[in-house]
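# Structural overview
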Amino acid sequence: MIPAKIEDVFIQITTNFFGVIQNIIAGTFVKKEFKLQASIYKACPFLEGTLEALEPHTPFLLEGMLIISNSKEYNVDIELFKNDDNITVLIHNRTNVYKFVAQLNQHRNDIFFIKRELAEKNTELEKLRKIADKANEEKSRFLAMMSHEIRNPLNVILGYSEMISDEQINENVKEYTKHLSISGGNLKVIVNDILDLSRIEAGKLELVNSPINLKKIAENCIQNYQFQNKNTAIKLVFEISEKIPKTVLGDDVRIHQILSNLVSNALKFTTTGIISLKLKCSSEDEKLMNISFEIQDSGRGMTESQAFRIFDEYQQNKKTDHSVFGGAGLGLSIVKRLLKAMNGNISVKSELDKGTIFKIEIPFLKVISSEKIKIKKEENFPKKILKGTNILVADDDALNQTIVAHILKKEDVAVTLVKDGLEALHVLKTRVFDLVLLDIHMPNITGEQLVQQKDKFAKENKEIPFLALTANTTPEDLDRYKEIGFVAVISKPYTAAEFIEKIGLNL
Amino acid sequence: MIAKKVLLVGNFGVGKTSLIRRFVLNQFAEDYISTIGVRVSAKVVQYENTAIKLLIWDVAGTSGDEKIPKAYFLGASAAMFVFDVSRIETYLNIDHHLESIKTLSGLQNITIVGNKKDLLTQEELQLVVERVSVNIDLITSAKEDENVENAFLELASQAIK
C-alpha cells in the first residue's frame, strides 16, 4: 500500500497511442483532471504530438512541464513508456522544486539585465564625462586666454601707477594712484583665483612635495601683512610651537597661498583688536606630523548659517561684500580645495561681533637630513646688482616697453629696446648682452621661437640668461618655457621690486 | 484538423513568451517573468486553406552555451529561433545555436525571428541585419504587434512542409 502523502504527489495513467486514457493505475495528484476514455491532451497539452512520436520500449522523460488544475499551475516531470499496446504516463508533481528554480532563474536573469543596464549607463556616463572634460578644457583654455588678455593691460595699469607715484605729485594724486594700485592688485588676485579654481576643478592641480620651512612661510605671511596693514588698531601676532620641525615636506607656494588667504580675510573683516596665526603639532607618528594652523581674529564674525556657507564659491558676492572688500569670494573655496588635495581639513568657529577662528590641519611628511640641505641651498641663492649691465628687452607692446625701460633705467641698466623677435634676433647676432627679456607673443618671430635659435646668436650671447616676460602663467606654459631655454619667467603683472629681484637672481 | 508541435527557442528575455501571448491572446505585458521548463499554448491558424492547430512550446530561455533538453523536440514539426535585435549577445553566435538546434531536433529549417524592433531605429535595424550572419525571416515587435502573426504563419508553413 502506498502512503497517502506519496499518492498525492504522483499519478500513473495508461493511454492508447492516441492519448485516450485507459486506466488510472496509482496516485491521486490532480486526479480529477483525468477521466477514463477521455483525452489526456486536455490536461497535458504537451503530450499531443509527443506521444505519437515515442520510440517503443524506450523510457522517455519530459522535465518542467505545466499542468493546470483548479486554476492552479503545477510544474511536473513526466515519464513515458510506450509498450506494444499502450503508453504508460507517470506524472510527478515537482512544483516545490521548480518554485526555487523559478526564483533562482528569475534572479539570475534580473541580475543580468541590471548589469546590462549598469553597463549601458556607464557607457553613457563615460560619454558625458568626455563631453564635460572637453567643455572643461575649453573653459580652462578660455580662462587662460582671458587671463593673458587681462594681465597685459593690468601690467600697464599697475606699472604706470607705480611710475606716477614715483613722480613729484600732490597728495590727492598720490591718494588716487594708491587706489588705482589697490584695485589693480585686487583684480590680479581675482584673475589668479579664477585660474586656480579652474585648474583645481579640472584636476590639474599638482602639489609639490619638497622640503619647506613652515615657520619661515608663516612668518613671511604675517610680515607681509604687517607691512601692508595701515590700521594701527590691529595687532598681528605669530606663535609657533617648539615641536614644529624646521623642515617638512610640502608645497610652500600653496601653503603660503592658504595662509595669505586666511590672514587677508581676517584683515578684511577686522577693524580693531588682534589677528593671530598659531602653529601647533596636533599629532605625529614615525612618518607624518599633523600640524594645525589657527587663524583667529577679533572682527565682525559670522552667523551660523553664514559660517556654514563660507567655503562655497562666490559667497562674498551674495552678501554684497564684494563692493566693500573686493575679491570674487573664491578664496576660501580655493583654500578648502587645496587642503583637500593635501589630505588636510579646515573648520571655522565664529560668533557675530566677537570674531572668527579658522583652524586648518595638514599632515606633512617628515624629512630626511639630505633633503634639508637642498632647502638651505635654495634659500642662499645670491642676488646680483643690476647696475651697469646690458639688457635687451623685446616687447611689441609700447606701453609695457616703457614700464620695463623705466624700472631698468632707475637701476642704471643699459637697456636696448626692440619691438619684435626679428629685431631681437638681429641685435643678438651683432651685439653682446648680459641678459635678455623676451615677450612671448610678438610678431615675425615669437619669444618661444627666438629662444630656440641660439645657434644664430653671437657666440657671447649663447650662454646668457633669457627670461620670458609674459602674461601666460599656467604651470604648463611655465614648464614649457623652461624646457625650451628660458631660465626664468617674469609673470605679468609684476611690481618693480619683483621684476628687479627676478633679474638679480638670474644675472 | 491537423495538429503540429512547434517550439520557440532562444536566449532568455528575447520575448518568446511575449510573442506567444501576442499571437494567442493578443496581449502584451511589460513585466519580465522568466519561463520555467515549458509552457504549451495552442492556436488554430489557417494556412493555404488548411486549418492547423499549432501546439506552441514556449521553451525556457537559455544563457550562453546552455543546451535545450533534446526530449522537448520529440515530435516537433518546426522551431523558431528568437533573438533580441537590441541585444547583440542574443544573436552573436547564431550559427552555432542554429546548428545545435538542428542537431537536437532533426529539423532542416529553423525560422529566425528578430524581436523587439520597437527598441531600434530603422538605421540601427539595418545594421543588425548586416551583422547577423544568417538570413532573418522576420523582424517583429510583440509590444507593437508588428509581424507577429506573419512569424507564426511562417512557422506553420515550415511545420506542414
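Residues numbered from 1 in each chain as written. Chains lettered and ligands numbered in written order. Predicted model: local features only at pLDDT ≥ 70, side-chain atom pairs only at ≥ 80, totals over all residues.

### Describing the pairing of strand β16 (residues 466-470) of chain A
All names here are of chain A. Rules: Residues with at least 20 neighbouring C-beta atoms inside 10 Å of their own are called buried, those with 12 or fewer are called exposed, and the rest are partly exposed, where every C-beta is derived from the backbone. Helix numbering and strand numbering both begin at the N terminus, where a helix is a DSSP run of H or I of at least 4 residues and a strand a DSSP run of E of at least 2. Each pair of strands is called paired provided DSSP finds at least two bridges between the two strands.
Burial runs high along β16: 5 of the 5 residues are buried. With burial as the criterion, each face of β16 is covered, one bearing F466, A468 and T470 and the other bearing L467 and L469. Relative to β16, strand β15 (residues 435-439) is paired through 4 bridges, and the arrangement is parallel. Opposite V436, over in β16, you have F466 as the bridge partner.

### What about the sheet that holds β16(A)?
Hydrogen bonds between backbone atoms are what pair the strands of a sheet, whose relative direction is either parallel or antiparallel. All names here are of chain A. The line we're drawing: Lines fitted to C-alpha atoms define the axes, with helix axes restricted to the stretch in contact, and inter-axis angles between N-to-C directions lie between 0 and 180 degrees. Once C-beta atoms are placed from the backbone, any two residues with those atoms within 7 Å are in contact.
The strand order β14-β13-β15-β16-β17 describes an open sheet built from 5 strands, whose pairing is parallel. Whereas interior strands pair on both sides, the edge strands pair on one side only; in this sheet they are β14 (414-418) and β17 (488-491). On average, adjacent strands in this sheet sit at an angle of 20 degrees to one another, irrespective of strand direction. As paired strands, strand β13 (residues 390-394) and β14 are joined by 5 bridges and run parallel to one another. Bridge pairing links A394 to V418 in β14. This element, helix α12 (residues 421-430), spans β13, β14 and β15 of the sheet and lies at about 155 degrees to β13.

### Notes on the sheet that holds strand β3 (residues 50-59) of chain B
A sheet is described by the order of its strands in space; here 6 strands give the open sequence β2-β3-β1-β4-β5-β6 (chain B), paired in mixed fashion. Either end of the sheet is taken by a strand with one partner, and the two such strands are β2 (38-47) and β6 (138-139) of chain B.

### Describing the interface of chain B and chain A
Heads up, the rule is: Gly counts as polar in this scheme, as do all residues outside two lists: the nonpolar Ala, Val, Leu, Ile, Met, Phe, Trp, Tyr, Cys and Pro, and the charged Asp, Glu, Lys and Arg.
Taken together, the 18 residues of chain B in the interface contact 22 residues of chain A. Considering every element that reaches the side of chain B that touches chain A, the biggest residue donor is β2(B), with 4 residues. Class assignment of the residues belonging to the side of chain B that touches chain A gives a composition of 12 nonpolar, 4 polar and 2 charged.

### Structural notes on helix α2 (residues 95-166) of chain A
In an α-helix, one full turn covers 3.6 residues, which means residues spaced three or four apart are oriented alike. All names here are of chain A. What counts is decided by this rule: A helix's residues, less one, multiplied by 1.5 Å, set its expected span.
The terminal C-alpha atoms of α2, which comprises 72 residues, lie 100 Å apart, in line with the 106 Å expected from a rise of 1.5 Å per residue. Buried within α2 are the following residues: Y98, S147, R151, L154, N155, L158, G159 and S161. Close packing links the buried residues of α2 with β3 (60-69), β4 (72-82), α3 (171-201) and α11 (398-410).

### Quick word on the confidence of the model for chain A
Rules: A score from 0 to 100, pLDDT tells how confident the predictor is in each residue.
Looking at chain A as a whole, the pLDDT averages 88, with 93% of positions reaching at least 70. Taken together, the stretch residues 317-324 of chain A has pLDDT below 50 and engages in 7 contacts with residues farther than four places along the chain or on a different chain.

### A short note on the packing of helix α4 (residues 214-228) of chain A against helix α5 (residues 252-268) of chain A
Residues and elements named next belong to chain A. Inclusion rule: Handedness of a helix crossing follows the sense of rotation of the near helix relative to the far helix, less than a right angle counterclockwise being left-handed and clockwise being right-handed.
At a minimum axis distance of 9 Å, the contact between α4 and α5 shows a crossing angle of 35 degrees. Pair α4 / α5 crosses with right-handed handedness. Facing I217, A218, C221, I222 and Y225 of α4, the residues of α5 in contact are D252, I255, H256, L259, S260, V263, S264 and L267.

### Description of the nonpolar core
Applied cut-off: Joined through C-beta atoms within 7 Å, a set of buried Ala, Val, Leu, Ile, Met, Phe, Trp, Tyr and Cys residues constitutes a nonpolar core.
Formed by 63 residues in total, the largest nonpolar core has its most connected members in V6(B), L7(B), L8(B), W57(B) and A79(B). If you tally residues by element for this core, the top one is strand β4 (residues 76-84) of chain B, at 7 residues. Ignoring any residue separated from it by four or fewer positions in sequence, one finds V6(B) in contact with L54(B), L55(B), I56(B), W57(B), A76(B), S77(B), A78(B), A79(B), M80(B), L155(B) and A159(B). With 33 residues, the next largest nonpolar core counts L214(A), V248(A), M302(A) and I334(A) among its residues.

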